[in-house]
Amino acid sequence: MTVEELTRPSAPVQAAYSYCEAVTGQQARNFAYGIRLLPTEKRQAMSALYAFSRRVDDIGDGPLPAAEKNDRLEAARTVLSRVRKGDVAEDDTDPVAVALADAARRFPIPLEGLDELIDGVLMDVRGATYTTWDELKVYCRCVAGAIGRLSLGVFGPQRGADAERAAEYADTLGLALQLTNILRDVREDAGNGRTYLPAEDLDRFGCGDGFARPLPPGADFAGLVHFEVRRARALFAEGYRLLPLLDRRSGACVAAMAGIYRRLLDRIERDPAAVLRGRVSLPGPEKAYVAVRGLSGLDARHIARRSDRGRTR
């Protein structure tokens, strides 16, 4: 049975989706901006995924003691188990569970990706730090690469597209988005006692072990940022190969969300010190321009042409 043949959500399920969409609109403006380009059933499913992910992130970022955070994260894992088993009733008191259960019935969502997200947040709770990029990639794959694969479960590759390759590109694009987030949130994370950038990179540019205090004399913070920006750009270039494998509206959604983050990366590259002053963001008109580019298919066509040239060389 296709998605279109499925019945419309019942009133309780529709209310659960409305709750998730409200959470998404209030808490994730960039994400909400991108998914508005999707058909209703896909937009609702993506909102359910976001609302659950936000719940997990909020536990990790909250002020509770580590032991209580662990308990709440395991409770979130129990919700996932109930969703898998089909044990969530439409009148369940947890609207996120209701919406996620309906989305999982409608789309082939790899729910184990949400388990990976919980694993990644547990790394935060335990105060994990990362010596190398390879170590940081493990964390990024948990908290963002998994989200890329979950999203692909909703979008679905076009008929005839290589599903395994699409999953790899979705994972890589998630890494690109997460590394951009890490750069954007350097100041906020430092204030919370967290440093995500690899220790070997910090040492290479003389930036000590974090950014919670003035940088050491002679620190090349701009060099560090430009180094990480180049790494993120390479990930974007690879991950963007996902676009031609998606249908037009799903590709537009991905292009809009990724395009916003690529432009954030441009701003960070132009003024690396901006991330030490506050959170870098895009104005509404610029987001609208990115969305129009995505909806027009310009980015997807550009990537498709570039991929074709690469195959003929």
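Residues numbered from 1 in each chain as written. Predicted model: local features only at pLDDT ≥ 70, side-chain atom pairs only at ≥ 80, totals over all residues. Heavy atoms only, no water.

Let us now look at the overall build of the protein. Within the protein one finds 15 helices and 0 strands. Residues classed as buried in the protein amount to 51% of the 313 residues present. Contacts spanning at least 24 positions in sequence make up 70% of the contacts within the protein whose residues lie at least 6 apart. Carbon and sulfur atoms make up 50% of the accessible area of the protein, which totals about 14,900 Å². (Helix = DSSP H or I, 4+ residues; strand = E, 2+ residues; numbered from the N terminus. Buried < 20%, exposed > 50% of the residue type's maximum accessible area, 1.4 Å probe, protein only. Contact = heavy atoms within 4.5 Å. Areas by Shrake-Rupley, 256 points an atom, 1.4 Å probe, with all protein chains shown as cover.)

As a further point, take the packing of helix H4 (residues 66–85) against helix H5 (residues 95–106). Two packed helices can be described by the angle between their axes and the distance between those axes. At a closest axis distance of 9 Å, the pairing of H4 and H5 adopts a crossing angle of 40°. Considering the angle they form, H4 stands oblique to H5. Considering the relative orientation of H4 and H5, their crossing is right-handed. Mapping the contact onto sequence places Val79, Leu80 and Val83 in H4 and Ala97, Leu100, Ala101 and Ala104 in H5. Within the contact of H4 with H5, the residues separate by chemical class into 7 nonpolar, no polar and no charged. (Axes fitted to C-alpha atoms, helices over the stretch in contact; angles between N-to-C directions. Parallel < 35°, antiparallel > 145°, perpendicular 65-115°, else oblique. Left-handed = near helix turned anticlockwise from the far one by under 90°. Nonpolar A, V, L, I, M, F, W, Y, C, P; charged D, E, K, R; others polar.)

Between its first and last C-alpha, H5 extends 17 Å over 12 residues, near the 16 Å set by a 1.5 Å rise per residue. Taken together, the buried residues of H5 touch helix H1 (11–27), helix H3 (40–61), H4 and helix H6 (112–125). Measuring from the backbone nitrogen of Val96 back to the side-chain oxygen at the start of H5 gives 3.0 Å, which picks out Asp94 as the cap. (Expected span 1.5 Å × (residues − 1). Polar contact = N/O pair within 3.5 Å; in protein donor to acceptor, adjacent residues only side chain to side chain.)

Our focus in this paragraph is the nonpolar core. Within the largest apolar cluster, 96 residues are counted, with the highest numbers of intra-cluster contacts made by Phe52, Leu114, Leu197 and Phe211. When sequence neighbours within four positions are dropped, the list of residues in contact with Leu197 reads Tyr130, Leu179, Ile182, Leu183, Val186, Leu202, Phe211, Leu224 and Glu228. (Core = buried A, V, L, I, M, F, W, Y, C linked by side-chain atoms within 4.5 Å.)

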